[in-house]
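In case you want the letters, here they are:
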Amino acid sequence: MNANRFDADGRIALVTGGGSGVGKAVARGLASAGWRVVVAGRRMGVLEETAAALTSETSGDVTPLSADIGDPSAVKALFEAIRTRFGRLDLLVNNAGIANSAVPLEDISFEEWNNVVSANLTGAFLCTQEAFRLMKAQEPQGGRIINNGSISASTPRPFSAPYTATKHAITGLTKSSALDGRPFDIACGQIDIGNAASEMTSKMGGGVPQANGEIAPEPTINPQHIADAVVYMAGLPLDANVLSLTVMATKMPFVGRG
């Protein structure tokens, strides 16, 4: 038996950005471990395809719900739908996010800055806020939040000011949420991901900018490794928490970057 399945059966998880990439892998891992999973994002068609595929693969319960997590009213509607359908939420995985254009900092438009901040930071805050409200009110009280931080939460890449700024901020949100959630049995942790294979990292094999100005290929890892780590974090009892965890391609230029 899966070691996490006993704890997870019947529990409800929400994965934002769950239609593809890392989010889809995480949703698959949670469903396989016995969680009832809601995948959320803006593209309902993609979410429906993902939910159908994962339900078939895992024999689990995967539900698609459409929401723009940068929109407060849409986030409220998402969590109200979860409350109405399931009665509670046990796990929020704040995974949704986008990268910015790889151009010099001074060429980033205000519109693009706002779009990245909305998707990566504001969305995570709004979802965390609604999760706190639901987790405080439900019986039994409490739950867990896991934030997708990225290696860029500690060390930037060239031409990544908006993305890096939001990921540094996610670390602050994680720590504040972990502290403010303590009295209510709400645990919050962060997983920093290095080069999981996805649409966002698809160009790495052909070469990406390095701190010394060179263009060099970088290795990637199967997103299943990220899913396994999230399932482990999610399966802990609420009196234990992984505050920070890094899962990365061993040979990527992070340790010693720059």
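Every value quoted in this text rests on a predicted model; they were computed, and no experiment measured them.

Student: What is the right way to look at the sheet that holds strand 1 (residues 12-16) in this model?
Tutor: Note: strands within a sheet are paired through backbone hydrogen bonds, in either parallel or antiparallel orientation. In space, the 7 strands of this open sheet follow the order 3-2-1-4-5-6-9, with parallel pairing throughout. For this open sheet the edge positions go to strand 3 (61-66) and strand 9 (244-248), each flanked by a neighbour on one side alone. When the angles between neighbouring strand axes are averaged without regard to direction, this sheet yields 20°. Where strand 6 (residues 186-194) lies against strand 9, 5 bridges are found, and the strand directions are parallel. Residue pairing in the sheet places Asp192 in a bridge with Thr246 of strand 9. Taken strand by strand, helix 3 (residues 44-58) contacts strand 2 (36-41) and strand 3, and its axis lies near 175° from that of strand 3.

Student: Before we go on, may I ask you to explain the pairing of strand 3 in this structure?
Tutor: Regular strands show a simple pattern: their side chains alternate between the two faces of the sheet. Bridge count for strand 2 against strand 3 is 6 bridges, and the pairing is parallel. Pairing of Val37 across the sheet is with Val62, part of strand 3. Handedness of the β-α-β unit built from strand 2, helix 3 and strand 3 comes out right-handed.

Student: Would you mind going over the side chain of Glu112 with me for this structure?
Tutor: Among the structural elements, Glu112 can be located in helix 5 (residues 110-137). Classification of Glu112 by relative accessible area gives buried; the value is 18%. A polar contact is formed between the side chain of Glu112 and the backbone nitrogen of Ser101, at a distance of 2.6 Å. Contacts of Glu112, omitting those with residues within four sequence positions, involve Asn100 and Ser101.

Reading the values: the criteria
Residues numbered from 1 in each chain as written. Predicted model: local features only at pLDDT ≥ 70, side-chain atom pairs only at ≥ 80, totals over all residues. Heavy atoms only, no water. Pairing = 2+ DSSP bridges. Helix = DSSP H or I, 4+ residues; strand = E, 2+ residues; numbered from the N terminus. Axes fitted to C-alpha atoms, helices over the stretch in contact; angles between N-to-C directions. Contact = heavy atoms within 4.5 Å. Right-handed = clockwise from strand over helix to strand, strands pointing away. Buried < 20%, exposed > 50% of the residue type's maximum accessible area, 1.4 Å probe, protein only. Polar contact = N/O pair within 3.5 Å; in protein donor to acceptor, adjacent residues only side chain to side chain.

Honestly, that's just the spatial picture; any functional story needs more than this.
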